[in-house]
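Survey of secondary and tertiary structure
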Amino acid sequence: MWRWLHPLAKPETSYRLADKLLPWFSILAVLVLSIGLVWGLVFAPADYQQGDSFRIMYIHVPAAIFSMSVYFAMAAAAFIVLVWQWKISGWFIQAAAPVGAVLTAIALITGAIWGKPTWGTWWVWDARLTSELILLFLYAGVLALYYAFEDSKKGMKAAAILALVGVVNLPIIHFSVEWWNTLHQGASITKFEAPSIAPSMLWPLLLALLGFALLSVALVLLRLKNEILRQELGKPWVSKELHGEPSNG
Amino acid sequence: MKLSSLSLIMWVIRRDLRVANRQRSEWLNPLIFLLMVITLFPLGVGPGEQILSRIAPGIIWVAALLSGLLGLDRLLREDYEDGSLEQLVLQPVSLSMTGLGKIVAHWLLSGLPLVILAPLFGLLLSVPVSAWWVLTLSLLLGTPMISALGAIGAALTLQARRSGTLVSLILLPLLIPLLIFATSAIEAAAMGLPANGQLAIIAAMSVLALTLSPLAMAAAIRMSIR
Amino acid sequence: MDKLLQWLHMGGYGVYVWSAFFVTFLLLAGLAIHAVWVRKGLAQQSERLQQRRSRLKRRQQSSKPQE
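Once a new chain begins, its residue numbering starts again from 1 and follows that chain's sequence as written. Chain A is the first chain written and ligand 1 is the first ligand written, with later ones labelled in order. With the structure being a predicted model, the display of local features is reserved for residues of pLDDT at least 70 and the display and counting of side-chain atom pairs for 80 or more, all residues being used for whole-chain, interface and lining totals.

1. Considering the overall build of chain B
Under the scheme used here, helices are H or I runs from DSSP no shorter than 4 residues and strands are E runs no shorter than 2 residues, and both carry numbers assigned from the N terminus. The number of helices and strands found in chain B is 9 helices and 0 strands. Counted from the first residue to the last, chain B has its helices and strands arranged as α-α-α-α-α-α-α-α-α. Over its C-alpha atoms, taken along the principal directions, chain B stretches across nearly 55 × 30 × 30 Å. Put plainly, a residue is buried at 20 or more neighbouring C-beta atoms within 10 Å of its own, exposed at 12 or fewer, and partly exposed in between, counting only other residues' C-beta atoms, which are placed from the backbone. Across the 226 residues that make up chain B, the buried fraction comes to 48%. Whether two residues are in contact depends on their C-beta atoms, placed from the backbone: they are in contact if these lie within 7 Å. For chain B, the proportion of contacts with a sequence separation of at least 24, taken over those separated by at least 6, is 81%.

Structure representation (structure tokens):
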């Protein structure tokens, strides 16, 4: 497996691979996402309790789930950087963190918008929303650290260490927030997840989940391509890629 | 010179305490800051006993977190600037153990005074006397976690630009569980309920932080020095 | 037409549902547009770098015969 992975350590090879994969992921993401969301918005029946407002679920739930997954992916990349010094996976941290942060922001905003008709206020200190807010802070920390160094290699490693520390803490934070929530609200009002969801509502949700996954990968690839170019700026293949003429440096 | 881990830790602690003794204001300032924050709250929300005792656990712990973060710069910055940190890295001893010594020294200067002052905080914010014991215990068990995670933050931001605010930015989210369990322990005790569960969780988190953070700290220092 | 309006109305929740979808679209599109924008900046940077390099080279070549 290592022999097969080895050429990927060369930035140009990784760039080509990302370049090749990106259109597939983008096209599939747009396709699956539009089918899922149109299905969810047009054909899925309205919820008997929440009426049509439950349709926000089709973006809120995928965004919330993948905001966490992106963090885990980032932490895995961080582990690889620190153990095998594979710099491309360090650049992956920079590429993935804003995507995760945006997904977190989407989960927060749609949660607030959903909360207004459901709870009557924009913001409730509900366990999931609070966890998402803290996750946003964690992303902010990783990004701030990444850019805080003159030497981008150091920033990458510092962000990697922080991402690993964060991933150890994430379950503890999640657990403590859930516990805090039940402590202060009694039987809480988690209307977000219906105990059993009708198949007519479930299928579009599954499609939306798949679509968000594909879209996240596509966005990370898009940013990863940029980061590889940025780090390799000045090399002949980069000049050729960016404006068609190799520099003779 | 071959040192066992324990004597190495003791050596680092003694050294850091000796340095701190020379610049007392460095570690006294966060404590005075903490006392000031605690004084500000009764002035801000009114001196009513009921509201004060209701929000006291939160105030004390938020203030403890903030003052803990204030003094973090001292943990490594000076050693880094005068080159002695580099010397420590080059020594043929475990850097994690050196880090652990620094964490303990930092706790002795920032956490232990809080534990001693805990009854005073309880008095000022009208925490019921029955909860003082849990308040003290929560500070005793919880403040090592601030020092341990704080050491990671200090090591990570050694060479960063604008490191002052950065440390708080990366550490505060990680300290949220501590805040939640510590305040809830004190609240439970104030209501006459047992707080053993929360205190046990705080102790577990501190132990976890103390075992893992020297490793992360050593990795971060190596990264900064090289 | 009536059916379309009714659908847009979303049983009274139209504002919430559509604003949520709109914000989501805006944020995700923002990420993609930002990436395109960054790439343009990189291209400019790279071009400038190359120009500087070729200028340097020319200067070196023209200064050689004089020596």
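2. Observations regarding the overall build of chain C
Looking only at helices and strands, chain C has 2 helices and 0 strands in total. Computation of the radius of gyration draws on C-alpha atoms alone. For the globule rule, the value is 2.2 Å times the number of residues to the power 0.38. The C-alpha radius of gyration computed for chain C amounts to 27 Å, which surpasses the reference 11 Å derived for 67 residues by more than 25%, pointing to a less compact arrangement than a globule. Counting only C-alpha atoms and orienting by the principal axes, one finds that chain C spans roughly 85 × 20 × 10 Å. Across the 67 residues that make up chain C, the buried fraction comes to 13%.

3. Overview of the nonpolar core
We define a nonpolar core as a collection of buried residues of the types Ala, Val, Leu, Ile, Met, Phe, Trp, Tyr and Cys that are connected via C-beta atoms lying within 7 Å of each other. With 163 residues, the main nonpolar core has Met74(A), Ile93(A), Leu145(A) and Ala220(B) as its most contacted residues. Sorting elements by how many residues they give to this core places helix H4 (residues 87-119) of chain A first, with 17 residues. When neighbours within four sequence positions are excluded, Leu145(A) is seen to be in contact with Gly155(A), Ala158(A), Ala159(A), Leu162(A), Leu156(B), Ala160(B), Leu166(B) and Ile170(B).

4. Remarks on the interface of chain A and chain C
Between chain A and chain C, the contact holds 34 residues from the first and 27 residues from the second. Secondary structure elements with two or more residues in the side of chain A that touches chain C: H4, helix H7 (199-231) and helix H8 (236-243) of chain A. By residue number, the principal contributor to the side of chain A that touches chain C is H4(A), which donates 11 residues. When grouped by side-chain class, the residues that make up the side of chain A that touches chain C number 20 nonpolar, 9 polar and 5 charged. Charged residues are taken to be Asp, Glu, Lys and Arg, nonpolar residues to be Ala, Val, Leu, Ile, Met, Phe, Trp, Tyr, Cys and Pro, and polar residues to be all remaining types, Gly included.

5. Here's the deal with the interface of chain B and chain A
Contacts between chain B and chain A engage 22 residues on the former and 24 residues on the latter. Elements with a contribution of two residues or more to the side of chain B that touches chain A: helix H7 (132-156), helix H8 (163-190) and helix H9 (196-225) of chain B. In terms of residues, the side of chain B that touches chain A owes the most to one element, H8(B), which gives 10 residues. For the side of chain B that touches chain A, the residue count by class is 18 nonpolar, 2 polar and 2 charged.

6. Let's talk about the packing of H7(B) against H8(B)
All names here are of chain B. Interaxial angle, 0 to 180 degrees, is taken between N-to-C directions of lines fitted to C-alpha atoms, where a helix line uses only the stretch in contact. Between H7 and H8, the shortest axis-to-axis distance is 10 Å and the interhelical angle comes to 170 degrees. Taken together, the axes of H7 and H8 lie roughly antiparallel to each other. Between H7 and H8, the residues in contact are Val134, Leu135, Ser138, Gly142, Met145, Ile146, Leu149, Gly150, Gly153 and Ala154 and Val167, Ile170, Leu171, Leu174, Leu175, Leu178, Ala182, Ala185, Ile186 and Ala189, respectively. Its residues assigned to classes, the contact of H7 with H8 shows 16 nonpolar, 4 polar and no charged. For classification purposes, angles smaller than 35 degrees are called roughly parallel, those larger than 145 roughly antiparallel, those between 65 and 115 roughly perpendicular, and all remaining angles oblique.

7. Considerations on unusual backbone geometry
At Gln85(A), a position not held by glycine, the phi torsion is positive, near 55 degrees. Here Gln85(A) shows up in the loop between helix H3 (57-84) and H4. Assessed through the 11 C-beta atoms surrounding it within 10 Å, Gln85(A) is described here as exposed. A positive phi angle, close to 45 degrees, is found at Ser126(B), a residue other than glycine.

8. Notes on the packing of H3(A) against H7(A)
All names here are of chain A. One can describe the packing of H3 onto H7 by two numbers: an axis separation of 9 Å at closest approach and a directional angle of 45 degrees. The angle between the axes of H3 and H7 places the two elements in the oblique class. Regarding H3 and H7, the two cross each other, and that crossing is right-handed. Residues Met57, Tyr58, Ile59, Val61, Pro62, Ala63, Ile65, Phe66 and Val70 of H3 touch H7, and the partners they reach there are Pro204, Leu205, Ala208, Leu209, Phe212, Ala213 and Ser216. Looking at the contact of H3 with H7 residue by residue, the classes come out as 15 nonpolar, 1 polar and no charged. It is the rotation of the near helix from the far one that decides the hand of a crossing: anticlockwise by less than a right angle makes it left-handed, clockwise makes it right-handed.

9. Quick notes on the UniProt feature "transmembrane region" (unreviewed entry) in chain C
UniProt positions are given in the numbering used here, feature names are shortened, and annotations may be inferred rather than shown by experiment. The feature "transmembrane region" (unreviewed entry), as annotated in UniProt, sits at residues 15-38 of chain C in this numbering. In the segment residues 15-38 of chain C, helix accounts for 100% and strand for 0%; the C-alpha atoms at its two ends are 34 Å apart.

10. Points about the UniProt feature "transmembrane region" (unreviewed entry) in chain B
The positions UniProt marks with the feature "transmembrane region" (unreviewed entry) are residues 27-45, 51-72, 104-125, 131-158, 170-193 and 199-221 of chain B. Secondary structure content for residues 131-158 of chain B is 89% helix and 0% strand, and the end C-alpha separation is 39 Å.

11. Here we look at helix H2 (residues 24-45) of chain B
All names here are of chain B. An ideal rise of 1.5 Å per residue puts 32 Å on 22 residues; H2 measures up with 33 Å between its terminal C-alpha atoms. Those residues of H2 not exposed but buried are Pro30, Leu34, Ile38 and Phe41. Here the buried residues of H2 occupy an arc of 75 degrees about the axis, which is enough to place them on one side. In H2, the exposed positions angled more than 90 degrees off the buried face are occupied by Arg24, Ser25, Ile32, Met36, Thr39, Leu40, Leu43 and Gly44. On the buried face of H2, the contacting elements are helix H3 (49-70) and helix H6 (95-124). Count one or two residues on from H2 and you reach Gly46, which has phi positive near 95 degrees. What a helix is expected to span follows from its residue count: subtract one and scale by 1.5 Å. To be clear, the arc concerns the directions from the helix axis to the C-beta atoms.

12. Thoughts on the arrangement of the chains
The protein chains that touch form 2 pairs of chains, and the pair with the most contacts between them is chains A and C. In this structure chain B stays clear of chain C, and the shortest span between their C-alpha atoms is 23 Å.

13. Some remarks on helix H5 (residues 127-146) of chain A
The periodicity of an α-helix, 3.6 residues per turn, causes residues three or four positions apart to be oriented the same way. With 20 residues, H5(A) extends 29 Å between its outermost C-alpha atoms, agreeing within 8% with the 28 Å of an ideal straight helix rising 1.5 Å per residue. Of all 20 residues that make up H5(A), 15 are buried, and the element is covered over most of its length.

14. Overview of the environment of Ser184(B)
Secondary-structure assignment places Ser184(B) in helix H8. The sequence separation of Ser184(B) and Gln198(B) amounts to 14 residues, and the corresponding C-alpha distance is 7.2 Å. Not counting chain neighbours up to four residues away, the residues in contact with Ser184(B) comprise Leu183(A) and Gln198(B).

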